[in-house]
Amino acid sequence: MSVVEFEGTHIANKPSPSRDFVAGPALSLRERGSKQPLRVAVFTTLFPNPQRPQHGVFVANRLEKLVATGEVQVRVIAPVPYFPSTNPMFGDWARNARVPSISTVRGLSVEHPRYLVVPKFGMRITPSTLAYAARGALLRAQRDLGGIDLIDAHYLYPDGVAAAKLAKWLGVPFVMTARGTDVNLIPKFDGPRRAILEACSQAAGVITVSAALRDELVAMGGPADKIRVLRNGVDLQRFTPPADRARLRAELGAPEKLLLSVGHLIERKGHHLIIDALTQLPDVHLWIAGEGPEHAALEKLARARGVDGRVRLLGAQPHDELKRLYGAADALVLASSREGWANVLLEAMACGTPVIATPIWGNPEVVSRPAAGVLTRDRSAGAIADAASRLLAHLPDRALTRLYAEGFGWEPTTQGQLELFRSAVASRDQH
């Protein structure tokens, strides 16, 4: 089995076989001893891999803090779509094909089984193809951990619906986490909405990362008694203010007034609106960190608006470099149309940088005090320009912005997860 390096970790090209291992009943916590760590299979299509090191990084962040407690043992199953060719001409599909079968991310063992995505029919059948593809990986996780107590699924559709099938097959409880478009967009389609609500009714618990998502899920018909809010936190050790901001800005060549936008280059993230807003902010520059299909369109828009000399597209950036960008910027701008809980807001604040955000979904829960920054009146270029003008004219003390972010550490979320997981397993043991 060949092994290559990925950011200081090992990647194996093939999983170990488990043809003779079959699913069987797990021992209860009472039989194993109540102090034993829970054995958790984390199931998600949102997880970093060697081809997309920032993909689903918010799931990895939360999991990293959970594992650090020593109260769980985990195996991550992070399926990727099947594609037969690695030829770069096929773009993102080829990148999926280049993802290895097994990798190690932040010390966590991750298996990447392939699932079938069928154009035009994908939304309807993907939960089934996803569950079928993951069965072998789930059995290997059960073998290697000595059993599985719980499946922890991230994203309600298709991941959570597939996890419901896997949990039933394996005879273990499962929990799901709703993160944004799986509540505020996908349920607009009747089939997925029905499947999501059925999976919610079967789950031992459902986590939402903001109160706004909880309220929407309940309004859809989700079981209010099973839904709890466990918001994402921020790594206060990884994201810190620069020791010498003036020196950092000089190293990066930062202009006097600098806005930063971070996210995938797609319409939903609203980078185009910030570029439009620059026409009303004559002395302000914009740096955009991220990659995606709108790269060329954003460059063209900047030229058309006559602001291309004040816009820099930086491409994808690792977390360590993001920390430097946050620290150098005067403000972060998030112009999204949908966000369950935007991690970039807290990351910027932890670096002492206030934010400008659209007033949608979880954003008002994050930006709730002047030290955090400001919300726009709506999602438009004019509203962004107005908010930026107000904030840049009266920037909060960066130390106060950092202090505000310190109220969003991971510990409450981690403890909430552990309580939910142990309750789910104990409930199964009682039956």
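Residues numbered from 1 in each chain as written. Predicted model: local features only at pLDDT ≥ 70, side-chain atom pairs only at ≥ 80, totals over all residues. Heavy atoms only, no water.

**A word on the environment of serine 427**
Then step 1. By the secondary structure assignment, serine 427 is in helix α17 (residues 411-430).
Then step 2. Residues serine 427 and arginine 390 lie 37 residues apart in sequence; the distance between their C-alpha atoms is 52 Å. (Helix = DSSP H or I, 4+ residues; strand = E, 2+ residues; numbered from the N terminus.)

**Focus: the packing of aromatic side chains**
Then step 1. Inspection of the entire model under this criterion finds 5 aromatic pairs.
Then step 2. An aromatic cluster is defined as three or more aromatic residues linked by ring pairs; in this entry it consists of Phe83, Phe90 and Trp93.
Then step 3. Its end group placed over the ring of tryptophan 169, arginine 135 keeps NZ or CZ at 4.0 Å from the ring centre.
Then step 4. The ring of tryptophan 287 has arginine 312 lying over it, and the distance from NZ or CZ to the ring centre is 4.5 Å. (Phe/Tyr/Trp six-rings, centres within 6.5 Å; stacked < 30°, edge-to-face > 60°. Lys NZ or Arg CZ within 6 Å of the ring centre and 35° of its normal.)

**Comments concerning the side chain of arginine 249**
Then step 1. Summarising the element assignment, arginine 249 is placed in helix α9 (residues 245-252).
Then step 2. Polar contacts involving the side chain of arginine 249 include one to the main-chain carbonyl oxygen of glutamate 256, which spans 3.3 Å. (Polar contact = N/O pair within 3.5 Å; in protein donor to acceptor, adjacent residues only side chain to side chain.)

**Overview of the UniProt feature "domain: Glycosyl transferase family" (unreviewed entry) in the protein**
Then step 1. Mapped onto this numbering, the UniProt entry annotates "domain: Glycosyl transferase family" (unreviewed entry) at residues 249-393.
Then step 2. The span residues 249-393 carries 39% helix and 17% strand; its end-to-end C-alpha distance comes to 19 Å. (UniProt positions renumbered as here; feature names shortened; annotations may be inferred.)

**Some remarks on the nonpolar core**
Then step 1. With 101 residues, the main nonpolar core has Phe47, Ile151, Tyr326, Leu345 and Met349 as its most contacted residues.
Then step 2. Looking at this core element by element, the count peaks at 9 residues for helix α5 (residues 156-170).
Then step 3. Non-local contacts of leucine 345, meaning those with residues more than four positions away in its chain, are made with Leu332, Leu334, Val355, Ala357, Asn363, Val366 and Val367.
Then step 4. Counting 28 residues, the second largest nonpolar core, distinct from the first, contains Ile274, Leu298, Ala388 and Leu391. (Core = buried A, V, L, I, M, F, W, Y, C linked by side-chain atoms within 4.5 Å. Buried < 20%, exposed > 50% of the residue type's maximum accessible area, 1.4 Å probe, protein only. Contact = heavy atoms within 4.5 Å.)

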